[in-house]
Amino acid sequence: DPDNQDYRLELLGAKNSRLFALLENNQVSEAVEESKEVAADLERLSAADPQNTSMRRNLGVAYNTVGKNLLAAGDASGARESHGQALGIFEAALAADPINEGYQSDVAFTLQRLGEARAAHGDYLPALENFRRALAQRQSTLETNPANARARDDVSILHALIGNALAATGDYKGALEAFAKSIPLAEEVSNQAPTNARQRARLALRYFEAGKVHLQFARALSVAPEANPEVEKACAHLARSLAIWEELRAQGILLPVYAGKPGEVARELEACDAALHGPQS
């Protein structure tokens with residue numbers, strides 16, 4: 001019975017379980033196809049029950065999952081389209097219920113994902129617009145509930161995304177201003193949960209990203225390294241990043257996805273130190 005809603009929902013649940021397994025095993029191309037099937041199924045279910053707001057929200061979530069998987073597969077254009085579909089669903093829901101905190105979060109999250117897809121495609125100005133809209137929403141949430149660690153983390157991440165996008169456009173001063181807002185928030189979140197490996201890794205990433213921007217800014221200044229304050233700042237940020245990665249590794253809680261980060265940061269720091277002090281004998 002193709003019109004049996006209960007059967008379709010049961011089948012959808014099985015597909016979602018399979019999708020999660022594919023993602024855990026890093027089977028990206030298979031996950032793309034499975035997530036597209038889930039979105040198509042939800043599209044049909046939603047069309048059959050257009051007043052079901054929960055179903056519409058699930059459809060938006062499904063489109064975001066498709067976009068995430070497409071971006072992981074290297075299809076930034078397809079990811080941008082899928083996140084755009086999700087954004088349309090969530091913005092319509094928020095327009096109908098403007099004080100719904102869940103919808104506000106959905107819109108902010110999707111704007112962030114859409115911005116990431118656009119940045120991956122090299123469309124930095126539209127990406128910045130998405131990031132800033134998402135940031136405004138997340139900051140509003142944080143102002144309402146200053147103790148909300150998740151909102152604080154979200155604001156930190158968005159400042160960093162803005163910083164990376166600005167650096168890509170050559171606005172290094174603007175980028176460093178963004179990181180100057182991101183890092184203290186990341187420190188606060190990490191200090192609240194010092195054994196949380198993911199939060200510590202995010203803090204290490206923020207220092208690493210800021211260090212790289214300081215280096216880019218140093219090169220743009222065309223000043224001798226020993227007289228260039230940006231080189232020293234870069235080395236300090238990279239050293240802080242490396243210390244956190246090494247701490248995670250020593251504790252045995254370095255996440256597999258970041259296994260190569262300590263070596264990557266160590267190489268950057270060695271090059272930075274060489275520029276500042278000359279090659280070590």
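On a predicted model such as this, the values are computed, not experimentally measured, just so you know.

Trainee: Please explain helix α11 (residues 261-277) as it appears in this structure.
Mentor: Residue pairs spaced three or four apart in an α-helix point in one direction, given the helix's 3.6 residues per turn. If you check α11, its first and last C-alpha atoms are 24 Å apart, about what 17 residues at 1.5 Å a residue would give, namely 24 Å. Those residues of α11 that fall on the buried side of the exposure criterion are Lys261, Pro262, Val265, Leu269, Cys272 and Leu276. Down the axis of α11, the smallest arc covering the buried residues is 95°, so these residues share one side. Away from the buried face of α11 by more than 90 degrees, exposed residues Arg267 and Glu270 are located.

Trainee: I would appreciate a short explanation of the layout of surface pockets in the present structure.
Mentor: Unoccupied space between atoms shows up once a probe the size of one water molecule is rolled over them. Taken as a whole, the second largest pocket encloses approximately 300 Å³ of empty space. If you go around the second largest pocket, you meet 13 residues; those closest to its centre are Glu101, Gln104, Ser105, Thr141 and Asn148. The element that contributes the greatest number of residues to the lining of the second largest pocket is helix α6 (residues 124-144), accounting for five residues. Split into classes, the residues belonging to the lining of the second largest pocket amount to one nonpolar, eight polar and four charged.

Trainee: Could you clarify how one ought to interpret the packing of helix α9 (residues 197-221) against α11 in this entry?
Mentor: When two helices pack together, their arrangement is given by the angle between the helix axes and the distance between those axes. Relative to each other, α9 and α11 sit at 30°, their axes nearing to 12 Å. Overall, the two elements α9 and α11 adopt an arrangement that is roughly parallel. Pair α9 / α11 crosses with left-handed handedness. In contact with Leu205, Phe208, Lys212 and Leu215 of α9, α11 contributes Lys261, Glu264, Val265, Glu268 and Cys272. When grouped by side-chain class, the residues that make up the contact of α9 with α11 number five nonpolar, no polar and four charged.

Cut-offs used in this document
- Residues numbered from 1 in each chain as written.
- Predicted model: local features only at pLDDT ≥ 70, side-chain atom pairs only at ≥ 80, totals over all residues.
- Heavy atoms only, no water.
- Helix = DSSP H or I, 4+ residues; strand = E, 2+ residues; numbered from the N terminus.
- Expected span 1.5 Å × (residues − 1).
- Buried < 20%, exposed > 50% of the residue type's maximum accessible area, 1.4 Å probe, protein only.
- Arc of directions from axis to C-beta.
- 1 Å grid on protein atoms, 1.4 Å probe; cavity = no way out; pocket = protein on both sides within 12 Å on 5 of 7 lines; lining within 4 Å.
- Points joined across faces, edges and corners; volume = space filled by probe spheres on them.
- Nonpolar A, V, L, I, M, F, W, Y, C, P; charged D, E, K, R; others polar.
- Axes fitted to C-alpha atoms, helices over the stretch in contact; angles between N-to-C directions.
- Parallel < 35°, antiparallel > 145°, perpendicular 65-115°, else oblique.
- Left-handed = near helix turned anticlockwise from the far one by under 90°.
- Contact = heavy atoms within 4.5 Å.

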